[in-house]
Amino acid sequence: MLAIKDLYVSYGNIAAVQGLTMEVNPGEIVTLIGANGAGKSTTLRTISGLLHPRKGSVEFEGQSLVNVPGHEIVARGICHSPEGRRIFPRMTVEENLELGAFLRKDKDQIAADRERVLTLFPRLAERTQQKAGTMSGGEQQMLAVARAMMGGPKLLLLDEPSMGLAPVLVDVIFDTIARIREQGITVLLVEQNALAALRIADRAYVLESGRLKLSGSAAELAQNDEVVRAYLGG
């Protein structure tokens, strides 16, 4: 579904991603793990068209995404829940969800997807007319994911969905990600909580200073001594 080959991305003269090659297959949850500054969020932003690679290719369903505008990438079926939530705080939950479906014209399916996300996140169903900025951090994170799902994605990019959340809400978020995959949506997950990410993922890539360090099944990497020492507190 998604194929990245020999990707280089820079911020000015600073190399953020160097020579990354990876893939995501339909129906998978794939996670990118690594420390701050490893290039994880940069990779997602490049897939979404928010950044342009210096070198390399990004293909989705066999078509290049390089230099494709972000709104067209959304229309092709890739939706991004960014780091830091980036909800619209002065708008209601309902209005945030409507904006998630901004490019769509299929009103009946939009209504069905609205019901689907409110079933996945019942707290949001109770707060549809509440201003998003007045909700808790956990509820705002739920809204960020729900808004991305309203775009009707084939591939959902999730950037640090558990950041800053209480442990009980972290469990809720990861359980929900597993349920999203059960509904037929492929997920590429960036997460510093490597233990939780590896529990739900099929495969994982470990980034270090912008380079791919390790890759394999999530189960294998969860047992890898290097990964355990660096990211799992072993």
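The model shown is predicted, which means the values in this text are computed figures rather than measured ones.

*Asks:* Account for the nonpolar core, with residues named and values stated.
*Replies:* Ranked by internal contacts, the top residues of the largest apolar core, which has 47 residues, are L124 and I177. Here L124 is in contact with V93, L118, M135, E139, M142, L143 and A146, once residues within four sequence places are set aside. By size, the runner-up hydrophobic cluster in this structure holds 26 residues, among which are I4, V30, V68 and Y205.

*Asks:* Just give me the short version of the sheet that holds strand β1 (residues 2–11), but keep the residues and values in it.
*Replies:* An order of β2-β1-β4-β5 is seen for the four strands of this open sheet, with the pairing classed as antiparallel. Strands with a single pairing partner mark the edges of an open sheet, and in this sheet they are β2 (14–24) and β5 (63–64). With two bridges joining them, strand β4 (residues 55–60) and β5 adopt antiparallel strand pairing. Note that in β5 the partner of E59 across the bridge is S64. The sheet strands contacting helix α1 (residues 40–47) are β1, β2 and β4, and the helix crosses β1 at an angle near 110°.

*Asks:* How would you explain a nonpolar patch on the surface if you had to name every residue and give the values?
*Replies:* A surface patch of nonpolar side chains, about 510 Å² in accessible area, is lined by V74, F88, M91, L99, F102 and L103. For M91, the position within the fold is in the loop between β6 (78–81) and α3 (93–100). Note on M91: relative accessible area 31%, which makes it partly exposed.

*Asks:* Outline the packing of α3 against helix α6 (residues 137–149), supporting the account with residue identities and numerical values.
*Replies:* α6 packs onto α3 with a crossing angle of 35° between their chain directions and a minimal axis gap of 7 Å. Remark: the crossing between α3 and α6 carries right-handed chirality. For the pair α3 and α6, the contacting residues are V93, N96, L97 and G100 in the first and L143, A146 and R147 in the second. Of the residues assigned to the contact of α3 with α6, the class counts are four nonpolar, two polar and one charged.

About the thresholds
Residues numbered from 1 in each chain as written. Predicted model: local features only at pLDDT ≥ 70, side-chain atom pairs only at ≥ 80, totals over all residues. Heavy atoms only, no water. Core = buried A, V, L, I, M, F, W, Y, C linked by side-chain atoms within 4.5 Å. Buried < 20%, exposed > 50% of the residue type's maximum accessible area, 1.4 Å probe, protein only. Contact = heavy atoms within 4.5 Å. Pairing = 2+ DSSP bridges. Helix = DSSP H or I, 4+ residues; strand = E, 2+ residues; numbered from the N terminus. Axes fitted to C-alpha atoms, helices over the stretch in contact; angles between N-to-C directions. Patch = residues over 30% accessible without salt bridge, like charges linked within 9 Å, V, L, I, M, F, W, Y side chains within 5 Å. Areas by Shrake-Rupley, 256 points an atom, 1.4 Å probe, with all protein chains shown as cover. Salt bridge = Lys/Arg side-chain N within 4 Å of Asp/Glu carboxyl O. Left-handed = near helix turned anticlockwise from the far one by under 90°. Nonpolar A, V, L, I, M, F, W, Y, C, P; charged D, E, K, R; others polar.

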